Amino acid sequence: MTDFAATRALFDLPEGIVYLDGNSLGPLPGAAPDRVARTLRDEWGAQLITAWNKAGWMAWPSRLGDRIAPLIGAAPGTVTTGDTLSLKMVQCLAAALDMRPDRRVILSDSGNFPTDLYMAEGLVRTLDRGHEIRTVPPEEVAEHIGEDVAALMLTEVDYRTGRRHDMAALTARAHEAGALAIWDLAHSAGAFPVDLAGAGADFAAGCTYKYLNAGPGAPAFIYVAPEHQARVAPLLSGWLGHAAPFDFDPAYRPGAGIERMRIGTPAILQMAALEAALDIWDGVDMAALRARSVDLCEAFIAGVEAACPALTLASPREADRRGSQVSFRHPEGYAIMQALIARGVIGDFRAPDILRFGIAPLYVGMEDIDRAVETLATIMDGALWDRAEYKARAAVT
Ligand SMILES: *Cc1c(COP(=O)(O)O)cnc(C)c1O
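Note that this is a predicted model, so its numbers are computed, not measured.

Chemist: Explanation requested: the overall build of the protein chain in the structure shown.
Modeler: The helix and strand inventory of the protein chain stands at 13 helices and 13 strands. Against the globule reference of 21 Å for 397 residues, the protein chain gives a C-alpha radius of gyration of 22 Å, in line with a compact fold. Each principal axis of the C-alpha distribution contributes one length, and for the protein chain these read about 70 × 55 × 45 Å. Out of the 397 residues belonging to the protein chain, those deemed buried represent 56%.

Here it is as structure tokens:
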């Protein structure tokens, strides 16, 4: 059994704050500052360029990928890290389209995170081979997987509502139709057990700064199923995905396996923070993590519905259909969220009317849920959100 009081103690959470926004930016792991300082001083400072060999920097992206792999049901050698999730998604999509040259449809859903759709649009324009991005309502995805679909590109957990797709069923349906399945795990990795291999996913990518807690701008990860790795012709054929970067061969030859999904120089300082963040996951029982997440989410939903009738649940009511986040709707959602944050309960807001609460079981406990419900009830009862200072929109909501 995992001791969640112990995992919570491994984070440097500010006193008096209830943090329900780890689905946007996970909190600071207590060991991260020293870990990053060590890389700064003992590696960069003391070893200079020799650290690429002495400290093993060159191998970090895939070594860290192998540490993420067990959290997402991936075998060793199938995950590497680097760049941003936006870039990793376009790498997945380009590889999939290349493997289905006779098909033209990229199927996604209307709730997908915009960057995935924007990146797909840019790729379609650049390829100029007549691909179409077809977005359908999330509940209708299965029935739209036809013989014209090259790639099914979905985010498993909806960033606004927390609604979770059935990855195994949709991947199986895609395969029956001869399509490939690409999964965005932004709100899955570290939120609950993911089983990419079990579901038969072809490609996947995710970020490490949300539920994995590696800090702002931390590297993304990418997964390629073992059976596809040798067939992938990388779109972004950077030198560190080359078979022999230090041959400085003018012609590109893809690296072995997952290595070919690397692009350029890795962000080593962020990777040091990622390493500290991943240490916390050692020994976490993912089934226990999920059970705790469900308990906390259920308690939050029940508490808010009882105390704040003006808020409407935006997340699915059935735990099986949710990730590890709960959302409510209210026309004044932005101001309500600012009033909450001003009282030390941090969630966030997504236009037009969604209050989001990320329930990260590694460090959120039942006392946090109780305080969040009480604070929200006080704000709603007294209309304490109805002040100009809470209504002025900041750049990041
Ligand atoms: C957070 C998020 C992203 C962010 O992409 P970046 O390139 O890391 O900025 C992409 N997709 C989804 C579904 C997300 O939730």
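Chemist: What's the story with the pattern of salt bridges in this structure? I'm lost.
Modeler: Two side chains that carry opposite charge are able to pair once their charged atoms sit near each other. If you walk through the whole model with that rule in mind, you get 25 salt bridges. Between Glu147 and Arg103 there is a salt bridge, and its shortest N-O distance comes to 4.0 Å. One end of the pair, Glu147, is in the loop between strand E4 (132–136) and strand E5 (149–155); the other, Arg103, is in the loop between helix H5 (85–99) and strand E3 (105–109), and 44 residues separate them in sequence. Among the ionic contacts, a cluster of salt bridges with common partners joins Arg35, Arg63, Arg67, Glu275, Asp279 and Asp282.

Chemist: Looking at this structure, how should I read helix H7 (residues 167–176)?
Modeler: Since the α-helix packs 3.6 residues into each turn, any two residues three or four apart lie on the same face. Considered for burial, the residues of H7 that qualify are Met167, Leu170, Thr171 and Ala174. Viewed end-on, H7 has its buried residues packed into an arc of 100 degrees, placing them on one side of the element. Among the structural elements, E5, strand E6 (180–184) and helix H8 (196–199) are those in contact with the buried residues of H7. Gly178 sits one or two residues past H7 and shows a positive phi near 85 degrees.

Chemist: Before we go on, may I ask you to explain the site of the ligand in this structure?
Modeler: Every residue close to the ligand is listed here: Thr84, Leu85, Ser86, Phe113, Thr115, Asp116, Thr155, Asp184, Ala186, His187, Tyr209 and Lys210. A distance of 2.6 Å separates an oxygen atom of the ligand from a polar side-chain atom of Ser86. With the chains in place, 86% of the 390 Å² that the ligand exposes on its own is no longer accessible. According to the grid-proximity analysis, the pocket containing the ligand is the largest pocket. Every element with two or more residues in the shell around the ligand is listed here: H5 and helix H6 (114–127). When grouped by side-chain class, the residues that make up the shell around the ligand number four nonpolar, five polar and three charged.

Here is what the cut-offs are and how they apply
Residues numbered from 1 in each chain as written. Predicted model: local features only at pLDDT ≥ 70, side-chain atom pairs only at ≥ 80, totals over all residues. Heavy atoms only, no water. Helix = DSSP H or I, 4+ residues; strand = E, 2+ residues; numbered from the N terminus. Rg over C-alpha atoms; globule rule 2.2 N^0.38 Å. Buried < 20%, exposed > 50% of the residue type's maximum accessible area, 1.4 Å probe, protein only. Salt bridge = Lys/Arg side-chain N within 4 Å of Asp/Glu carboxyl O. Arc of directions from axis to C-beta. Contact = heavy atoms within 4.5 Å. Near = heavy atom within 4 Å. Polar contact = N/O pair within 3.5 Å; in protein donor to acceptor, adjacent residues only side chain to side chain. Areas by Shrake-Rupley, 256 points an atom, 1.4 Å probe, with all protein chains shown as cover. 1 Å grid on protein atoms, 1.4 Å probe; cavity = no way out; pocket = protein on both sides within 12 Å on 5 of 7 lines; lining within 4 Å. Sits in = over half its atoms within 2 Å of the grid points. Nonpolar A, V, L, I, M, F, W, Y, C, P; charged D, E, K, R; others polar.

Geometric descriptors of this kind do not, in isolation, establish any biological role.
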